[in-house]
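Given next are the chains, with one letter for each unit.
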Amino acid sequence: RGQMFTDKFNINLSVIGGVGITKFARFNVPADPEIVFDDTAVPFSRDLSKEEQDQMGTLYWIPRHDFVRSFMDLINDDDDNDKDCNRKIRIRFGVHCEHIEPTTDGKVCVVSSITTTNEKREEIITPKNIIADLCVGADGLNSKVRQSLENGRFDDWMVKNKRNQDKFFERCSSKDFRLKQYKSPSTGLRIKGLQLLPNFKIPVTGAAKVRETEIDTTRTATTNASTPKYIDLDNNYTYSILSTTTGPQDSLVLSLMPQKGDEEEGRPINLCTMPDHILWKIKDGPSMKAYFQKAFPRFDWDTIVDPNEWDKLAKAEGSVFPFCQYSPRLHVSSSTGDGGVVLVGDALHAFPPDIGQGVNAALSDVMTLDKCFSDTMATAAGSDNSSNKNNIIRNALSMYECENGPETRALIALARCGAPFQYNQPSKYMKFRKLLWTFNVATRLLLNKLTLGVSPKPAIITQLNSSLSFRDVMRGANTLTVVLSMGLGLILSKIFHNSKLLYLPLL
């Protein structure tokens, strides 16, 4: 879905550091260093069918900083075809948004401050207000823009617009911008990263065995040739490295995502755990290193991690997986129709990274907003109605509300049930729920095969088809849920009815 945006601006994902994926593949590296892990190891993998490739195209893994850098390069590219448009884009660094508020003439004032440092290295904070016709709130999970709408700063706009009779307009109040939150099984998990040195490789039989091989000069050449010391990573695969510790508070899985190469910057490892894991209780570098040496004896940590990295890892707070949440209301506009505020991305909807649709959904919001403005301006250009020409912002935002509101609600419904148990939550309750979830997914896959595709696949698989909206995905999933529930209800009622007939003579 996000590639609709990158295609529009001719951003080549493979050139800027993206790894194109045409199969689902993952290596599980065993915890026990005595177990050989070499070229004969078979990954869990499945090639995409031709139908899936046609629906999904190529999936790309790309580091976020490379992705953001590509946008910056595009804006600063003087050779770009849209360089006249690019000159109108001003990026302000070091600016902190305090809040937004309406002006008396129907515009939006962004109340902000600029922090600079003088010769004495003292911070100087200078107020800076920016006046705009349209404010797009793309400021993330803790959006100042959305908070300003919720806190009642734009109540005057909302009260006046209650009398508006525009067909796209719905009455709203500041309460409509209060987040609706739903707890997912992955909500509350904590994550942070460990940076490995460049050219990371996986030992075949563990760090201790590698040293023995290097020291033991009495081994024959054939033995050394038949038993390689290290295995290079295939950048198209995902690697899950298991720990030897298996307790609920000390077991850990190191996740390495596909990456184009780590020759220069090294490779990050994602560490995702429950909030009470020992990883968050260790506060110094030596203790953190000792834990990794105990949990992952396969590796020689002195050679793959910079010594200063351990202290950084111990002190890093990381981040917490949020609720599945969204704002019921997407925009507000002035009574004159020529000023407005709109939400996109995490400011509008946020959820744990289970379904891998965070950036995709944000870019889809932008494309939908762009389409609404294009359609509104085209309608105004061909209309003699002065209202259409004077109220472009209000009409475009109202259209965006109608189109993207249902899509946002479907997205959050998908995030709640998509794949929340992939982090191996250790509690028995979560393991039981994972078992039920797996049974549900397996049942839907089986029904899809038996009905020759009439019954939809599970939503977590269907959502990979970028030609489908999130509403289409959830409509199919919910329809099948209703059918299965009715079928189960009929079976239970039949059993209950027969049991009553069986025991009636005894009464």
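All of these numbers come straight from a predicted model, not from anything done at the bench.

*Asks:* How should the overall build of the protein chain be read in this particular structure?
*Replies:* From N to C terminus, the protein chain includes 17 helices and 20 strands. Relative to its full complement of 507 residues, the protein chain shows a buried share of 39%. Excluding contacts between residues fewer than 6 apart, the proportion of contacts in the protein chain whose partners are at least 24 apart in sequence is 70%. For the protein chain, the exposed surface amounts to about 28,600 Å²; the carbon and sulfur share of it is 55%.

*Asks:* Even after reading the chapter, I still don't get a nonpolar patch on the surface, so can you show me in this structure?
*Replies:* Nonpolar side chains collect at one region of the surface, where L488, I491, L492 and I495 lie side by side and expose about 400 Å² of accessible area between them. Positionally, I495 belongs in helix α17 (residues 470-503).

*Asks:* Can you walk me through the sheet that holds strand β6 (residues 108-117) in this structure?
*Replies:* Consider a sheet: its strands pair through backbone hydrogen bonds, and that pairing is either parallel or antiparallel. As summarised here, the arrangement of the three strands in space is β5-β6-β7, forming an open sheet in which the pairing is antiparallel. If you trace the sheet from one side to the other, it starts and ends with β5 (95-102) and β7 (123-132), each paired once. Across the sheet, the mean angle from the axis of one strand to that of its neighbour is 20 degrees, orientation sign disregarded. Both β6 and β7 contribute to a ladder of 10 bridges, which runs antiparallel. Within β7, the position partnered with T116 by the bridge is I124.

*Asks:* Sorry, what's going on with the nonpolar core here?
*Replies:* Side chains of nonpolar character tend, in soluble globular proteins, to be buried together. Counting 32 residues, the largest nonpolar core has F292 and W301 as the members making the most contacts within it. Mapped by element, the contributors of at least two residues to this core are β2 (23-29), β10 (190-196), β13 (238-242), β14 (253-256), β15 (267-273), α9 (285-295), α10 (301-304) and α11 (307-315). Non-local contacts of F292, meaning those with residues more than four positions away in its chain, are made with L194, L252, L254, L271, L279, W301, W310 and L313. Ranked by size, the runner-up nonpolar core spans 27 residues in total, among them I100, F154, L330 and L369.

*Asks:* When you look at the packing of α9 against α11 in this model, what are you seeing that I'm missing?
*Replies:* Their axes nearest at 8 Å, the elements α9 and α11 cross at an angle of 95 degrees. When the interaxial angle is binned, α9 and α11 end up roughly perpendicular. Where α9 approaches α11, its residues G285, M288, K289 and F292 are matched on the opposing element by W310, D311, L313 and A314. In terms of residue class, the contact of α9 with α11 is built from five nonpolar, one polar and two charged.

*Asks:* What should I look at first to understand the pairing of β6 in this one?
*Replies:* In the case of a regular strand, side chains alternate between the two sheet surfaces. The pairing of β5 with β6 spans seven bridges and is classified as antiparallel. Its bridge partner being in β6, V95 is matched across the sheet by I114. Where β5 folds back on β6, the antiparallel hairpin that results is connected by five residues, among which G106 adopts a positive phi of roughly 85 degrees. From the end of β6 to the start of β7, which pair antiparallel, there are five residues, and R121 there has a positive phi angle of about 60 degrees.

*Asks:* Looking at this model, I keep getting lost on the environment of L484. Mind explaining?
*Replies:* Looking at the element boundaries, L484 is found in helix α17. L484 sits 40 residues away from R444 along the chain, and the two C-alpha atoms are 9.8 Å apart.

*Asks:* Explain unusual backbone geometry here, please?
*Replies:* Trans peptide bonds make up most of the peptide bonds, and negative phi angles are found at most residues other than glycine. Positive phi, normally seen in glycine, also occurs at R121, with a value near 60 degrees. In this structure, R121 sits in the loop between β6 and β7. For L452, which is not a glycine, the phi torsion comes out positive at approximately 55 degrees. Looking at where L452 falls in the secondary structure, it is placed in the loop between α15 (428-450) and α16 (459-462).

*Asks:* I would appreciate a short explanation of the packing of aromatic side chains in the present structure.
*Replies:* The geometry of an aromatic ring pair is captured by the separation of the ring centres together with the interplanar angle, meaning the angle of the planes. Within the structure shown, the criterion is met by 17 aromatic pairs. With centroids separated by 5.7 Å and ring planes inclined at 85 degrees, the aromatic side chains of F27 and F37 adopt a geometry described as edge-to-face. Here F37 lies in the loop between β2 and β3 (44-47) and F27 lies in strand β2, a separation of 10 residues in the sequence. Between F292 and W310, the ring centres sit 5.3 Å apart and the planes meet at 55 degrees, which makes this aromatic pair tilted.

*Asks:* Help me understand α9 in this model?
*Replies:* Because each turn of an α-helix spans 3.6 residues, side chains separated by three or four positions end up pointing in the same direction. Inspection of α9 places G285, M288, Y291, F292 and A295 among the buried residues, and these make up the whole buried set. In an axial view of α9, the angular spread of the buried residues amounts to 125 degrees, which keeps them on one side of the axis. Along α9, the residues that are exposed and aim more than 90 degrees away from the buried face are P286 and K294. Structurally, α9 contributes buried residues whose contacts are with β10, β14, β15, α10 and α11.

*Asks:* What is the right way to read the pattern of salt bridges from this model?
*Replies:* It is possible for side chains bearing opposite charge to pair when their charged atoms get close. Applying the stated criterion across every chain, the model contains 12 salt bridges. A salt bridge links D375 to K371; the nearest nitrogen and oxygen atoms lie 2.8 Å apart. Highlighted residues: D375 and K371, both in helix α12 (residues 358-381), separated by four residues, approximately one helical turn.

*Asks:* Just checking my understanding: could you explain the state of the cysteines for this structure?
*Replies:* Two cysteines form a disulfide when their sulfur atoms are joined by a covalent bond. What the rule picks out here adds up to zero disulfides. C324 takes part in no disulfide bond, and the closest cysteine sulfur, belonging to C417, lies 9.2 Å away. Under the relative-accessibility criterion, C324 is labelled buried at 0%. On the basis of relative accessibility, which here comes to 38%, the residue C417 falls in the partly exposed class.

*Asks:* What should I look at first to understand the packing of α12 against helix α14 (residues 392-417) in this one?
*Replies:* Pairs of packed helices are described in terms of their axes, by the angle between the two and the distance that separates them. For the pair α12 and α14, the least separation of the axes is 8 Å and the interaxial angle reads 145 degrees. Like other packed secondary-structure pairs, α12 and α14 cross with a definite hand, here right-handed. Residue-level inspection shows A361, D365, T368, L369, K371, C372, F373, D375, T376, M377 and A380 of α12 in contact with α14, the latter providing I392, I393, N395, A396, L397, M399, Y400, E403, N404 and L411. When its residues are assigned to classes, the contact of α12 with α14 shows 13 nonpolar, four polar and four charged.

*Asks:* What should I look at first to understand α14 in this one?
*Replies:* Helix length check: α14 (26 residues) gives 38 Å between terminal C-alpha atoms against 38 Å at 1.5 Å per residue, within 8%. Roughly 35 degrees is the biggest bend found in α14, and it falls at N404, with proline P406 one to four residues downstream.

*Asks:* Sorry, what's going on with the confidence of the model for the protein chain here?
*Replies:* As a general rule, the predicted coordinates of low-pLDDT regions are not to be interpreted in detail. Per-residue pLDDT for the protein chain averages 85, and the proportion of residues at 70 or more is 86%. Taken element by element, the protein chain is modelled with least confidence in helix α8 (residues 221-226), mean pLDDT 42, and with most confidence in strand β17 (residues 324-326), mean pLDDT 97. Contacts from residues 208-228, a stretch scored under 50 in pLDDT, to residues over four places away or in other chains number 11 contacts.

Conventions we followed
- Residues numbered from 1 in each chain as written.
- Predicted model: local features only at pLDDT ≥ 70, side-chain atom pairs only at ≥ 80, totals over all residues.
- Heavy atoms only, no water.
- Helix = DSSP H or I, 4+ residues; strand = E, 2+ residues; numbered from the N terminus.
- Buried < 20%, exposed > 50% of the residue type's maximum accessible area, 1.4 Å probe, protein only.
- Contact = heavy atoms within 4.5 Å.
- Areas by Shrake-Rupley, 256 points an atom, 1.4 Å probe, with all protein chains shown as cover.
- Patch = residues over 30% accessible without salt bridge, like charges linked within 9 Å, V, L, I, M, F, W, Y side chains within 5 Å.
- Salt bridge = Lys/Arg side-chain N within 4 Å of Asp/Glu carboxyl O.
- Pairing = 2+ DSSP bridges.
- Axes fitted to C-alpha atoms, helices over the stretch in contact; angles between N-to-C directions.
- Core = buried A, V, L, I, M, F, W, Y, C linked by side-chain atoms within 4.5 Å.
- Parallel < 35°, antiparallel > 145°, perpendicular 65-115°, else oblique.
- Nonpolar A, V, L, I, M, F, W, Y, C, P; charged D, E, K, R; others polar.
- Phe/Tyr/Trp six-rings, centres within 6.5 Å; stacked < 30°, edge-to-face > 60°.
- Arc of directions from axis to C-beta.
- Disulfide = S-S within 2.5 Å.
- Left-handed = near helix turned anticlockwise from the far one by under 90°.
- Expected span 1.5 Å × (residues − 1).
- Bend = angle between axes of the 7 residues up to and from the residue.
- pLDDT = per-residue confidence, 0-100.

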